[in-house]
Amino acid sequence: MKVKNYILLICLFMVSQDINSQSKTINLPVIDFSKNYPAKEIRLQDIADSEYIPLETTDDALLSDKAVLTAVSDKFILVYEPLLGDIFVFNRNGKIHAHFNHKGQSGQEYAWIRCAILDDKNEEIFICNQIIQVYSLNGKYKRTLKINTLQNESAVYNFDDEALLLYDNVIIDSGFEHKTKKKPYRLMSKKDGSLITVLNISFSKRYSPSILQKEGKYERAIQIYYPSSIYYGSDFMIANISSDTLYKLTQNKKITPVLVRKPSVHASEPRKVWTTHLTTDKFMIIGEVLLDFDLKGGKIPIFMYEYKTGKINKVEFLDTKSEGGTFSFGSSPAIAKNMTAQFMQAPSFISIYKKMPLKGSAKKSVMPLREDDNPIVRIIKFK
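Quantities reported herein were computed from a predicted structural model and do not represent experimental measurements.

What counts as what
- Residues numbered from 1 in each chain as written.
- Predicted model: local features only at pLDDT ≥ 70, side-chain atom pairs only at ≥ 80, totals over all residues.
- Heavy atoms only, no water.
- Helix = DSSP H or I, 4+ residues; strand = E, 2+ residues; numbered from the N terminus.
- Buried < 20%, exposed > 50% of the residue type's maximum accessible area, 1.4 Å probe, protein only.
- Contact = heavy atoms within 4.5 Å.
- Pairing = 2+ DSSP bridges.
- Axes fitted to C-alpha atoms, helices over the stretch in contact; angles between N-to-C directions.
- Phe/Tyr/Trp six-rings, centres within 6.5 Å; stacked < 30°, edge-to-face > 60°.
- Disulfide = S-S within 2.5 Å.
- 1 Å grid on protein atoms, 1.4 Å probe; cavity = no way out; pocket = protein on both sides within 12 Å on 5 of 7 lines; lining within 4 Å.
- Points joined across faces, edges and corners; volume = space filled by probe spheres on them.
- Nonpolar A, V, L, I, M, F, W, Y, C, P; charged D, E, K, R; others polar.
- Salt bridge = Lys/Arg side-chain N within 4 Å of Asp/Glu carboxyl O.
- Polar contact = N/O pair within 3.5 Å; in protein donor to acceptor, adjacent residues only side chain to side chain.

A. Layout of the overall build of the chain. When helices and strands are counted, the chain shows 3 helices and 29 strands. Here the chain, with 383 residues, has 51% of them falling under the buried criterion. Taking all contacts inside the chain whose residues are at least 6 apart in sequence as the whole, residues at least 24 apart take part in 58%.

Laid out in structure tokens, this is it:
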């Protein structure tokens, strides 16, 4: 069964102090995207170990190639089907815990799934669409949060026990551009969806990863998807499209500038924006994306910034446990610090490990495996 690793745009929040895109960044390390940094190949197996969790395959738990891996906690693994509307909750060992689908038009249902959020501590799932529906892990309807996550292309994340974080993207609809918020970050109540606070981080000028394209009398949005912000355990690394400074946001709502980019995002057209792909205690992986909507695609340059030495290299990760022999960064699901996770297709997994067999407990955990089985969750743990 083929399962794609979909890149989700994860826009996260900053702090309740007034910070703008011109914040002082004296003595911060600088990444210069115009510089020809030394190239470096890194063997993934030298810096990380892998754990493999096959997701149980049953008549009631069959994942399509559109399935999205969205969270891996100490207890559960959450997977959803955006268009089909299925929610799958697996135990940490890969055994199915619950499966439900509440796709429909009633007040307790959803039309499709924009994103699904696991609140592990409260054992709740938040389904985001025109509004946010809250269910138990077994699919029992609990409440509705009247927060429209589609109107301004909001991104939503589980921040703490009481609050959701929302980010409102730039409004590109003709005639409504003036409604784009200079302060796009807000903290919303998990209990009733009420506004807790608008976070005082502002941008004097904002850019969008989307454009409107005319088709006769109508317009349609075209969007470039890339991970602009990413998990770092319970904290976040934020490379905002409209900022030249990369920040770390912690659970106590403190934001710390970490890195500055050159040339400025404001200096070029089309814009060259940065992305955060992975953060560990030792290094950060950063990419650069050209917002050229006529671009046919291509390889995103990847850079590694090492905290201890301050070195920056242009890197490629070699991976003996993947079909192409390289490791590709996408958008990591919610997971513990110094880890990332991704789907491995069952046929690919079988092919790889016929050539390089697993040993010991790893072999026992995944065998026997059939080509039409659900995917394996590969958890990569950085040393």
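Moving on, there is more to tell.
B. Region of the structure containing the sheet that holds strand β15 (residues 185–189). Reading across from one edge, β13-β14-β15-β16 is the order of the 4 strands in this open sheet, with antiparallel pairing throughout. Looking at the sheet topology across the chains shown, the edges are occupied by β13 (155–158) and β16 (195–198). Adjacent strand axes in the sheet meet at a mean angle of 25° when their direction is disregarded.

C. Layout of the packing of aromatic side chains. Applying the stated criterion to the full structure yields 15 aromatic pairs. Considering the side-chain rings of Tyr167 and Tyr185, the 5.1 Å spacing of their centres and the 45° angle between planes classify their relative orientation as tilted. With a gap of 18 residues between them, Tyr167 in strand β14 (residues 163–167) and Tyr185 in strand β15 connect regions that are remote in the sequence. Of the two residues, Tyr167 and Tyr185, neither departs from the other in class, the shared state being buried.

D. Region of the structure containing the state of the cysteines. Under the definition given, this model contains 0 disulfides. Summary of cysteine pairing: Cys115 is not part of a disulfide, and the nearest cysteine sulfur, belonging to Cys128, is at 3.3 Å. Owing to a relative accessible area of 16%, Cys115 belongs among the buried residues under this scheme. According to the relative accessible area criterion, Cys128 is buried, its value standing at 0%.

E. Quick peek at empty space enclosed by the protein. According to the stated counting rule, one finds 4 cavities of 30 Å³ or more in the structure shown. A volume near 80 Å³ is recorded for the largest cavity. Surrounding the largest cavity, 11 residues form its lining, Phe329, Gly330, Thr340, Ala341 and Gln342 being those nearest its centre. Considering each element in turn, the lining of the largest cavity owes the most residues, 3 residues, to strand β28 (residues 339–344). Its residues placed into classes, the lining of the largest cavity shows 3 nonpolar, 8 polar and no charged.

F. Region of interest: the pattern of salt bridges. Under the counting rule described, the total for this entry stands at 17 salt bridges. The partner of Glu306 in a salt bridge is Lys40, with the nearest N and O atoms 3.9 Å apart. Residue Glu306 is found in strand β26 (residues 302–306), and its partner Lys40 is found in strand β3 (residues 39–43); the two are separated by 266 residues along the sequence. We classify Lys40 as partly exposed; its relative accessible area is 34%. With its nearest N and O atoms 2.6 Å apart, the salt bridge here joins Asp119 to Lys190. One end of the pair, Asp119, is in strand β9 (residues 115–119); the other, Lys190, is in the loop between β15 and β16, with 71 residues separating them in the sequence. A residue is classified by how much of its surface remains accessible, and Lys190, at 3% relative accessible area, is buried. Among the ionic contacts, a cluster of salt bridges with common partners joins Glu51, Arg92 and Lys381.

G. Here's a closer look at the sheet that holds strand β6 (residues 76–80). Strand order in the open sheet formed by 4 strands is β5-β6-β7-β8, and the pairing between neighbours is antiparallel. Looking at which strands have only one partner, the edges of the open sheet turn out to be β5 (68–72) and β8 (96–101). The average angle at which neighbouring strand axes cross in this sheet is 15°, direction not considered. Pairing analysis gives 5 bridges linking β6 to strand β7 (residues 86–91), with the strands arranged antiparallel. Looking at β7, one finds that Val79 is bridged to Phe88.

H. Examining the side chain of Asp119 more closely. Classification of Asp119 as buried rests on a relative accessible area of 2%. A polar contact is formed between the side chain of Asp119 and the side chain of Lys190, at a distance of 2.6 Å. Non-local contacts of Asp119, meaning those with residues more than four positions away in its chain, are made with Glu124, Phe126, Asn158 and Lys190.

I. Summary view of the pairing of β16. Sheet analysis places β15 next to β16, joined by 3 bridges and oriented antiparallel. The residue of β16 that forms the bridge with Arg186 is Val198. Adjacent in sequence and paired antiparallel, β15 and β16 are bridged by 5 residues, among which Gly193 carries a positive phi angle near 80°.

J. Examining the environment of Pro347 more closely. Summarising the element assignment, Pro347 is placed in helix α2 (residues 346–355). When the C-alpha atoms of Pro347 and Arg370 are compared, they prove to be 7.6 Å apart, with 23 residues separating the residues in sequence.

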